[in-house]
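Geometric and topological summary
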2 protein chains.
Amino acid sequence: MDRSDALDCCAPGVEGIFEEVAAHDLAQVFAALADPVRLRLLSIVAAGGEVCSCNLEGPLNKRQSTISHHTSVLHSAGLLVGRRRGRWMYWSVVPERLAQVARVLDVELAGPLA
Amino acid sequence: MDRSDALDCCAPGVEGIFEEVAAHDLAQVFAALADPVRLRLLSIVAAGGEVCSCNLEGPLNKRQSTISHHTSVLHSAGLLVGRRRGRWMYWSVVPERLAQVARVLDVELAGPLA
DNA sequence: CTATCATATCGATAATGATCGATATGACAA
DNA sequence: TTGTCATATCGATCATTATCGATATGATAG
């Protein structure tokens, strides 16, 4: 529950320097990506299109409560969306969000010098 | 001291799914980005081109030892390079590294579905 | 209704890391 | 050499979080 996009643009202030709130929000997204289990989870969902939680415990070798925790973190970061189908939860990646974060790295940070 | 690039390509294994070591290395890079102070530090250096450590304590409002810690983390992640000039340390971003990480998000994770 | 199954939440533990003050290293000036 | 200044490292504290087992929620089947 934290999808306020302070990162989708250009904070005013000193010439391209991140302001504190924007940096805080962006850091949360990177924190969601800063775990090997979550990165593998993301790659599995990206490759599978729509993947059930129950099909993640095996490949990731983690307990159900741990998987639920990780999907929750990725969802809060706006990187995953979930859809209920009966008792099952199916997860998909949010490509626009990933592209948005990629752009911050590529344009806002690498760009000025590249 | 951890710039082994397991992320610059395509681990073999199951169809685009990150293997554990690659995920571990990539997670370390994102962990370096997962701090608001470091993100602001990066943006200051990106905007300034080559910035002295001594010019970071003020804008970031952190002590010298804390700044040194953060530059060290970013350097270990390959995101910053440092150059000594007399007693001063000047830092620059590594645009190729940032672009490389951006590509992982944009191509390997967002790509398959976008 | 009750039973069952998939997922979510809770509580505890252990590990990681951000921050600071204090100290060490290393470079320049005199 | 000695003194000074910028940076690096050390040690401690506090906060965050990954993980698990146990339990709660919620949906389907009978």
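Described below are features of the structure shown in this document. Source: prediction; values computed, not measured.

For helix H5 (residues 95-109) of chain B, spanning 15 residues, the distance from its first C-alpha to its last is 20 Å, which sits close to the expected 21 Å at 1.5 Å a residue. Considered for burial, the residues of H5(B) that qualify are Pro95(B), Arg97(B), Leu98(B), Ala99(B), Gln100(B), Val101(B), Ala102(B), Val104(B), Leu105(B) and Leu109(B). For H5(B), the elements touching its buried residues are helix H1 (20-33), helix H2 (36-48), strand S3 (88-93) and helix H5 (95-109) of chain A together with helix H1 (20-33) and strand S3 (88-93) of chain B.

Another point: the protein's contact with DNA strand D. Contacts to DNA strand D come from 21 residues, most closely from Thr66(A), His69(A), His70(A), Gln64(B) and Ser65(B). Each atom of DNA strand D within 4 Å of the protein belongs either to a base or to sugar and phosphate, the latter forming 60%. The contact in question runs from a phosphate oxygen of DNA strand D to an N or O atom on the backbone of Cys54(B), over 3.3 Å. Elements that contribute at least two residues to the surface near DNA strand D include exactly H2 and helix H4 (64-76) of chain A together with helix H4 (64-76) and S3 of chain B. For the surface near DNA strand D, the element with the highest residue contribution is H4(A), accounting for four residues. When its residues are assigned to classes, the surface near DNA strand D shows five nonpolar, nine polar and seven charged.

Around DNA strand C lies a shell of 22 residues, among which Gln64(A), Arg38(B), Thr66(B), His69(B) and His70(B) are the nearest. Here the atoms of DNA strand C within 4 Å of the protein split so that 60% fall in sugar or phosphate, with bases taking the remainder. One of the side-chain nitrogen or oxygen atoms of Thr66(B) is found 2.8 Å away from a phosphate oxygen of DNA strand C. His69(B) is positioned with one of its side-chain polar atoms (N or O) 2.9 Å from a phosphate oxygen of DNA strand C. Looking at the surface near DNA strand C, the elements with two or more residues in it are H4 and S3 of chain A together with helix H2 (36-48) and H4 of chain B.

For the rest of this paragraph, the subject is the pairing of strand S2 (residues 80-85) of chain B. Residues and elements named next belong to chain B. Two strands pair when backbone bridges link them, and S2 and S3 are joined in this way by six bridges, in the antiparallel orientation. Bridge assignment links Leu80 to a residue of S3, and that residue is Val93. The antiparallel hairpin formed by S2 and S3 contains two residues in its connecting segment, where Gly86 sits at a positive phi of about 70 degrees.

Further remarks concern the packing of aromatic side chains. Following the criterion strictly, the structure yields one aromatic pair over all chains and no others. A centroid spacing of 6.1 Å and a plane angle of 20 degrees characterise the contact between Phe30(A) and Phe30(B), whose relative ring orientation is stacked. Of this pair, Phe30(A) sits in helix H1 while Phe30(B) sits in helix H1, each in a different chain. Since its relative accessible area comes to 0%, Phe30(A) is described here as buried. Directly above the aromatic system of Tyr90(A) lies the positively charged group of Arg85(A), at a separation of 5.6 Å from the ring centroid.

Criteria and cut-off values
Residues numbered from 1 in each chain as written. Chains lettered and ligands numbered in written order. Predicted model: local features only at pLDDT ≥ 70, side-chain atom pairs only at ≥ 80, totals over all residues. Heavy atoms only, no water. Helix = DSSP H or I, 4+ residues; strand = E, 2+ residues; numbered from the N terminus. Expected span 1.5 Å × (residues − 1). Buried < 20%, exposed > 50% of the residue type's maximum accessible area, 1.4 Å probe, protein only. Contact = heavy atoms within 4.5 Å. Near = heavy atom within 4 Å. Polar contact = N/O pair within 3.5 Å; in protein donor to acceptor, adjacent residues only side chain to side chain. Nonpolar A, V, L, I, M, F, W, Y, C, P; charged D, E, K, R; others polar. Pairing = 2+ DSSP bridges. Phe/Tyr/Trp six-rings, centres within 6.5 Å; stacked < 30°, edge-to-face > 60°. Lys NZ or Arg CZ within 6 Å of the ring centre and 35° of its normal.

It is worth stressing that arrangement in space is one thing and function is another; only the former is reported here.
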